[in-house]
Amino acid sequence: MSLKIGIVGLPNVGKSTIFNALTRSKGAAVANYPFCTIEPNVGVVEVPDERLKKLAEMVSPEKIVPTIIEFVDIAGLVKGASEGEGLGNKFLSHIRECDAIAQVVRVFEDSNITHVHEKIDPKRDIEIIESELLLADLQTLENRLLKAKSNAKSGKKEEIKYAELLERMNVEMDKGKLASRIEMTKEELEMIRDLHLLTAKPIMYIANVHENEIGSFDSDEVRAKLGLPKEAKIIPISAKIEEELGGFSKEEAQEFLAGLGMKETGLNVLIRDAYDLLKLRTYFTAGPKEVKAWTIHIGDLAPRAAGVIHTDFEKGFIKAEVIGYNDYVFCGGEVGAKDKGVLRIEGKEYEVKDGDVMHFRFAV
């Protein structure tokens, strides 16, 4: 499963600098003027997982394969983007292709770095970006609603229900509510899936801070100042710190972070929060050829998890051999787990747990 996060924000809030720091690359052009990024840059980052390293130490495979996240640096949006201002709808389409949105807001003052609206006001910046996403979604909704109302005249219950849902969403979003914050049932969420609404995507916020501010960063305080809901994820990241960490050994990095009052890198926090935001989990396969991490959704049953490896595994699923990660490590591997009776045979109704070490049996 490929995970793609779009990094968005107003011009000159530090998107490309943070993108380069997170992906340890120089892929995104960085300059002190709006629209420096024209085409989206894509950086691939391995998902850090100490469990994968531990399994590899035990199995000594030929290959270790972590899961990955793609970060997409999307050009700065401006007020009026939904109507073609700035670089316009082309870049809204890039956001549409992402699984989640990471909105960068600049919270530090620096007279040497211009701001498209001159004054630093991260709360205003968030409102501008989200307003443009909402306006684009309202255009999508209005077009679909016309057709839905017409279809509802047939008297079919499902057509009437769909039109009523779109009408309710249109009213709430017209008041400024993001689609992701409208209460909907699982059935209703499925009904609007094909609309690909921008504001239905999970959003997290990256606070671009100075390196000397990151140790004292108060998420609750900043969240309140920005007018964000309590459950909103906000991650402080200093591009300079992340860039410096790229040249350190693991031991040097830990010492450097400790000196700043940090326990881990901003990248690690961002990845963990992204997994949580998207309700994702990891399971493993372990053998002499490779130890590999696989990404699934919370609640996925064994056949669906098998399908992440190959669709034939899901179609022909028979059963799964499962060892919990802690049991695997405690027993010294698969053989020890079998001897101690902690290797389980699970069927189609088994809900895969985070960290499960699995082997699937399937019919061709």
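Remember, it's a predicted structure, so these values are computed and weren't measured experimentally. (Residues numbered from 1 in each chain as written. Predicted model: local features only at pLDDT ≥ 70, side-chain atom pairs only at ≥ 80, totals over all residues. Heavy atoms only, no water.)

**Student:** What am I meant to see in the overall build of the protein chain here?
**Tutor:** Secondary structure assignment for the protein chain yields 14 helices and twelve strands. Pairs at least 24 apart in sequence give 68% of the contacts found in the protein chain among residues at least 6 apart. Carbon together with sulfur atoms contributes 50% to the accessible area of the protein chain, which is approximately 18,600 Å² in total. (Helix = DSSP H or I, 4+ residues; strand = E, 2+ residues; numbered from the N terminus. Contact = heavy atoms within 4.5 Å. Areas by Shrake-Rupley, 256 points an atom, 1.4 Å probe, with all protein chains shown as cover.)

**Student:** Hey, could you run me through a nonpolar patch on the surface in this one?
**Tutor:** Together, Val42, Val44 and Ile68 give the surface a local cluster of nonpolar side chains, amounting to about 250 Å² of exposed area. A relative accessible area of 52% means that Val42 is categorised as exposed. (Patch = residues over 30% accessible without salt bridge, like charges linked within 9 Å, V, L, I, M, F, W, Y side chains within 5 Å. Salt bridge = Lys/Arg side-chain N within 4 Å of Asp/Glu carboxyl O. Buried < 20%, exposed > 50% of the residue type's maximum accessible area, 1.4 Å probe, protein only.)

**Student:** For this particular structure, what's the right way to read the pairing of strand S9 (residues 290–297)?
**Tutor:** A regular strand carries its side chains on alternate faces of the sheet. Both strand S3 (residues 63–65) and S9 contribute to a ladder of three bridges, which runs parallel. Along S9, the bridge assignment pairs Ile64 with Val291. Alignment of strand S8 (residues 280–286) against S9, held across seven bridges, turns out to be antiparallel. In the sheet register, Thr282 faces S9, and the bridge partner there is Thr295. Between S8 and S9, which pair antiparallel one after the other, the connecting turn spans three residues. (Pairing = 2+ DSSP bridges.)

**Student:** So what exactly am I meant to see when it comes to the nonpolar core here?
**Tutor:** Side chains of nonpolar character tend, in soluble globular proteins, to be buried together. Ranked by size, the top nonpolar core spans 79 residues in total, and within it Phe71 and Met169 carry the most contacts. The greatest single-element share of this core, amounting to eleven residues, is contributed by helix H4 (residues 122–152). (Core = buried A, V, L, I, M, F, W, Y, C linked by side-chain atoms within 4.5 Å.)

**Student:** Would you explain the pattern of salt bridges in this entry?
**Tutor:** Close approach of charged atoms lets side chains of opposite charge pair. In the structure shown here, the tally under the stated rule is 23 salt bridges. Of the charged contacts, one joins Glu187 and Lys161 as a salt bridge, the two residues approaching to 3.1 Å between their closest N and O atoms. Taken as a pair, Glu187 in helix H6 (residues 186–191) and Lys161 in helix H5 (residues 157–174) lie far apart in primary sequence, 26 residues in all. With relative accessibility at 48%, the residue Glu187 sits in the partly exposed group. Note on Lys161: relative accessible area 36%, which makes it partly exposed. Residues Glu211 and Lys240 are paired through a salt bridge, measuring 3.4 Å at the closest nitrogen-oxygen approach. Here Lys240 lies in helix H8 (residues 239–245) and Glu211 lies in the loop between strand S6 (203–208) and helix H7 (219–225), a separation of 29 residues in the sequence. Classification of Glu211 by relative accessible area gives partly exposed; the value is 28%. When salt bridges that share partners are traced, they join Arg168, Glu172, Lys177 and Glu188 into one network.

**Student:** Before we go on, may I ask you to explain the environment of Pro229 in this structure?
**Tutor:** Looking at the element boundaries, Pro229 is found in the loop between H7 and strand S7 (233–237). C-alpha of Pro229 to C-alpha of Arg181: the two residues are 48 residues apart in sequence and 9.9 Å apart in space. If we ignore the near neighbours within four places in the chain, the residues touching Pro229 are Arg181 and Arg223.

**Student:** When you look at the environment of Ile128 in this model, what are you seeing that I'm missing?
**Tutor:** With respect to the helices, strands and loops of the structure, Ile128 is situated in helix H4. Sequence separation between Ile128 and Gly9 is 119 residues, and the spatial gap between their C-alpha atoms is 9.3 Å.

**Student:** What is the right way to look at the packing of H4 against H5 in this model?
**Tutor:** The relative placement of two packed helices comes down to the angle between their axes together with the axis-to-axis distance. Two numbers describe how H4 lies on H5: the axes approach to 9 Å, and their chain directions differ by 150 degrees. Relative to H5, the element H4 lies roughly antiparallel. Here the hand of the crossing between H4 and H5 comes out left-handed. When H4 is examined against H5, the residues Leu134, Asp137, Leu138, Leu141, Glu142, Arg144, Leu145, Ala148, Lys149, Asn151 and Ala152 are found in contact with a partner set consisting of Glu159, Ile160, Tyr162, Ala163, Leu166, Glu167, Met169, Asn170, Met173 and Asp174. Split into classes, the residues belonging to the contact of H4 with H5 amount to twelve nonpolar, two polar and seven charged. (Axes fitted to C-alpha atoms, helices over the stretch in contact; angles between N-to-C directions. Parallel < 35°, antiparallel > 145°, perpendicular 65-115°, else oblique. Left-handed = near helix turned anticlockwise from the far one by under 90°. Nonpolar A, V, L, I, M, F, W, Y, C, P; charged D, E, K, R; others polar.)

**Student:** I tried to follow the packing of aromatic side chains on my own but got confused; where do I start?
**Tutor:** Each aromatic ring pair is specified by the distance between its two centres and by the angle formed by the two planes. Tallied over the entire structure, the rule returns five aromatic pairs. Both rings, one in Phe248 and one in Phe256, keep their centres 5.2 Å apart while their planes meet at 75 degrees; by these two values the pair is edge-to-face. Phe256 gets classed as partly exposed once you look at its relative accessible area, which sits at 23%. Pairwise contacts between aromatic rings join Tyr283, Trp294, Phe317 and Phe360 into one cluster. (Phe/Tyr/Trp six-rings, centres within 6.5 Å; stacked < 30°, edge-to-face > 60°.)

**Student:** Any chance you could explain the pairing of strand S2 (residues 41–46) here in plain terms?
**Tutor:** Burial of S2 is one-sided: the residues Asn41, Gly43 and Val45 facing one way are buried, the residues Val42, Val44 and Glu46 facing the other way are not. Pairing between S2 and strand S4 (residues 68–73): six bridges, direction antiparallel. Within the sheet, the bridge partner assigned to Asn41 lies in S4 and is Asp73.

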